[in-house]
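Observations on the model geometry
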Amino acid sequence: VDVFQAWCGPCKPVVNLFQKIRNEVGSNLLHFAVAEVDSIDALEKYRGQCEPVFLFYAGGELVAVVRGADAPLLQKTILKQL
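Because the structure is a prediction, the values reported are computed rather than measured. (Residues numbered from 1 in each chain as written. Predicted model: local features only at pLDDT ≥ 70, side-chain atom pairs only at ≥ 80, totals over all residues. Heavy atoms only, no water.)

Re the packing of aromatic side chains
- Taken as a whole and judged by the stated rule, the model has two aromatic pairs.
- Ring centres 4.5 Å apart and planes at 35° place the aromatic pair Phe-18 and Phe-32 in the tilted group. With Phe-18 in helix H1 (residues 12-25) and Phe-32 in the loop between H1 and strand E2 (34-36), the pair connects residues that are 14 residues apart, well separated along the chain.
- The exposure class assigned to Phe-32 is partly exposed, which follows from its relative accessible area of 32%. (Phe/Tyr/Trp six-rings, centres within 6.5 Å; stacked < 30°, edge-to-face > 60°. Helix = DSSP H or I, 4+ residues; strand = E, 2+ residues; numbered from the N terminus. Buried < 20%, exposed > 50% of the residue type's maximum accessible area, 1.4 Å probe, protein only.)

So this is what it looks like as structure tokens:
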């Protein structure tokens, strides 16, 4: 989940990375979503930050968090969680 604030929007450059990985591993294993922190109370702790935050869930549980648009770290985290 790409967690963002309305004033800065979702991290568009990372979308291409997610699409590439999703094409490589298959669409049934990886799902990408965006969520605006100002409209979801459960994401309140991510408000007021100017860096993108990516939350990784498996089986309904938060399993990893990556702060910043670090493409190599995001790719490593995705492949590790898969």
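Still to come is the rest of the account.
Thoughts on the pairing of strand E3 (residues 53-58)
- Pairing of strand E1 (residues 2-4) with E3 involves two bridges; the strand directions are antiparallel. Bridging from a neighbouring strand, Val-3 pairs with Val-53 of E3.
- Taken together, the six bridges between E3 and strand E4 (residues 61-67) define a ladder with antiparallel strand orientation. The residue bridging Val-53 from the neighbouring strand is Arg-67, located in E4.
- The turn linking E3 back onto E4 is made up of two residues, and Gly-59 within it adopts a positive phi angle of 60°. (Pairing = 2+ DSSP bridges.)

Considering a nonpolar patch on the surface
- A contiguous nonpolar surface patch, about 290 Å² in accessible area, is contributed by Leu-29, Leu-79 and Leu-82.
- Inspection of the secondary structure assignment puts Leu-82 in the segment after helix H2 (71-81). (Patch = residues over 30% accessible without salt bridge, like charges linked within 9 Å, V, L, I, M, F, W, Y side chains within 5 Å. Areas by Shrake-Rupley, 256 points an atom, 1.4 Å probe, with all protein chains shown as cover. Salt bridge = Lys/Arg side-chain N within 4 Å of Asp/Glu carboxyl O.)

Some words on the nonpolar core
- Within the largest apolar cluster, 12 residues are counted, these being Cys-11, Val-14, Leu-17, Phe-18, Ile-21, Leu-30, Phe-54, Phe-56, Ala-64, Val-66, Leu-74 and Ile-78.
- If you tally residues by element for this core, the top one is H1, at four residues.
- For Leu-30, the residues in contact, after removing those within four places along its chain, are Phe-18, Ile-21, Arg-22, Val-25 and Ile-78. (Core = buried A, V, L, I, M, F, W, Y, C linked by side-chain atoms within 4.5 Å. Contact = heavy atoms within 4.5 Å.)

What to know about the confidence of the model for the protein chain
- The share of residues in the protein chain with pLDDT of 70 or more is 98%, and the mean pLDDT across the chain is 84.
- When pLDDT is averaged over each helix and strand of the protein chain, the minimum, 80, is found for E1 and the maximum, 93, for E4. (pLDDT = per-residue confidence, 0-100.)

Focus on the pattern of salt bridges
- Here the structure, examined in full by the defined rule, presents three salt bridges.
- With its nearest N and O atoms 3.9 Å apart, the salt bridge here joins Arg-47 to Asp-38.
- Classification of Asp-38 by relative accessible area gives partly exposed; the value is 41%.
- One salt bridge in this structure joins Arg-47 and Asp-41, with 3.8 Å as the shortest N-O distance.
- A relative accessible area of 28% means that Arg-47 is categorised as partly exposed.
- Taken together, the shared-partner salt bridges connect Asp-38, Asp-41 and Arg-47 into one network.

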